[in-house]
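These are the residues of each chain, in order.
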Amino acid sequence: MNFLNRFSKPFLGLAIISSLCGQVLAAPDTDWPKKPIVAVLSFPAGGSTDVFARAVMAPLGEALGQAIVIENKPGAGGMIGLGAAAKAAPDGYTIHFSAMTNQSISQALFKNPPADLTKDFAPVALVGTIPHLIVVNPTVPAKNLSELITFIKSKKGDFNYASQGNGSLSHLESTLFMQRIGATGTHIPYKGSSFALPDLIAGNTLMMFDSVTASLPHIQSGKLRPIAIAAAERSPLMPNVPTLGQDGMKQFDVENFYAVYVPKGTSPAIIAKLEREIRKILTNPDFKARLATQGIHPQFANSEQLTVITQSEQDKWAKAVKAANVKID
């Protein structure tokens, strides 16, 4: 089932609005862009956000006739990059490629977040999802979820587990997982997968919830072992790895959304042009097939739909954070 189906009802009227707006904005078209564009990311180079962003920004720059320069600003569960993008001039020359689920969680966790996706940005387009999974160092004796839980409990809290950073989806998944199995350990936050994975591979941490995209090369090389997918369905890249639900841990599937935003106040004509070109890229069969080999699921939703999805994600994760009583380390 397409993940957008659960948002379909709010879109019935929005589809008509979107069509009318498209007609209005089609003429006259803006002469933007006249110079290179900066795409601000909230995670470091080499991680799933960076890989996905570069895959989308390269053809988008070609379509717009200008280079799009990636600017990585990792830290604080995505809040540093979010704050930097929100402060940029709303002139179309700064866009924010958002790990939206991560930033929705951080929004609920941090007392004074520097910006808010719903208040400080204009939505452009949803671009897709990337599933997460549990990965462990191969020296860990566990081969499946049951064995991992038994091994973790045998450590009696004397172990480290990694995450992509305080306030990240990876952090919240780990916290919820530990609560579900009744175990404790020491959380080691990093500034993204590219910083966390070397320590996990070296054995300095025991496990991590990470994106399929970032972990896949290390799984294929034998440096990491996958335990279970934190999604509703198995990954076609790892068909033998079950979901957490299939391994007995129900209601632990997460859709990790990625989307493009611009600072609030950006011209509607620029937003419409970005949305139009992104739609072309994401609906290209060759593009979708190429990203699927990296564990990325391209999915397009327009700016009106993204408004609904963003608010829904913020509401969902605010409740999850409160219920789990998650604390920033």
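Note: the structure precedes this text.
Residues numbered from 1 in each chain as written. Predicted model: local features only at pLDDT ≥ 70, side-chain atom pairs only at ≥ 80, totals over all residues. Heavy atoms only, no water.

Colleague: Help me out: how do you make sense of the environment of Ala39 in this one?
Modeller: The residue Ala39 is located in strand β1 (residues 37-41) in this model. On a C-alpha basis, the gap between Ala39 and Leu291 in space is 19 Å, while along the polypeptide they are 252 residues apart. (Helix = DSSP H or I, 4+ residues; strand = E, 2+ residues; numbered from the N terminus.)

Colleague: Teacher, can you tell me more about the nonpolar core here?
Modeller: Most often, soluble globular proteins keep nonpolar side chains buried together rather than apart. Counting 36 residues, the largest nonpolar core has Phe52, Met57, Phe97, Leu274 and Ile278 as the members making the most contacts within it. When contributions to this core are tallied by element, the ones reaching two or more residues are β1, α2 (48-64), β2 (68-72), β3 (94-98), β4 (121-129), β10 (257-263), α10 (268-282) and α11 (285-292). In terms of residue count, the dominant contributor to this core is α2 (seven residues). The contact partners of Ile278, leaving out residues within four places of it in the chain, are Leu60, Val124, Ala125, Val127, Val260 and Phe300. (Core = buried A, V, L, I, M, F, W, Y, C linked by side-chain atoms within 4.5 Å. Buried < 20%, exposed > 50% of the residue type's maximum accessible area, 1.4 Å probe, protein only. Contact = heavy atoms within 4.5 Å.)

Colleague: Please clarify how unusual backbone geometry should be interpreted in this entry.
Modeller: Glycine aside, negative phi is the norm for most residues, and most peptide bonds take the trans geometry. Cis geometry marks the peptide bond from Trp32 to Pro33; its omega dihedral reads 0°. With respect to the helices and strands, Pro33 occurs in the loop between α1 (11-25) and β1.

Colleague: What exactly am I supposed to notice about empty space enclosed by the protein here?
Modeller: It is a probe the size of a water molecule, rolled over the atoms, that shows where empty space is left. Inspection of every chain in the model, using the stated rule, returns one cavity of 30 Å³ or more. Roughly 70 Å³ of volume is contained in the largest cavity. Around the largest cavity sit Phe43, Gly47, Ser48, Thr49, Asn102, His132, Gln164, Gly192, Ser193, Asn256 and Tyr258, which together line it. Residues of the lining of the largest cavity, tallied by class, amount to two nonpolar, nine polar and no charged. (1 Å grid on protein atoms, 1.4 Å probe; cavity = no way out; pocket = protein on both sides within 12 Å on 5 of 7 lines; lining within 4 Å. Points joined across faces, edges and corners; volume = space filled by probe spheres on them. Nonpolar A, V, L, I, M, F, W, Y, C, P; charged D, E, K, R; others polar.)

Colleague: What's the story with the environment of Glu173 in this structure? I'm lost.
Modeller: Mapping Glu173 onto the fold places it in helix α7 (residues 169-181). Owing to a relative accessible area of 2%, Glu173 belongs among the buried residues under this scheme. Discounting chain neighbours no more than four positions away, the residues touching Glu173 are His132, Phe209, Ala230, Phe252 and Val254.

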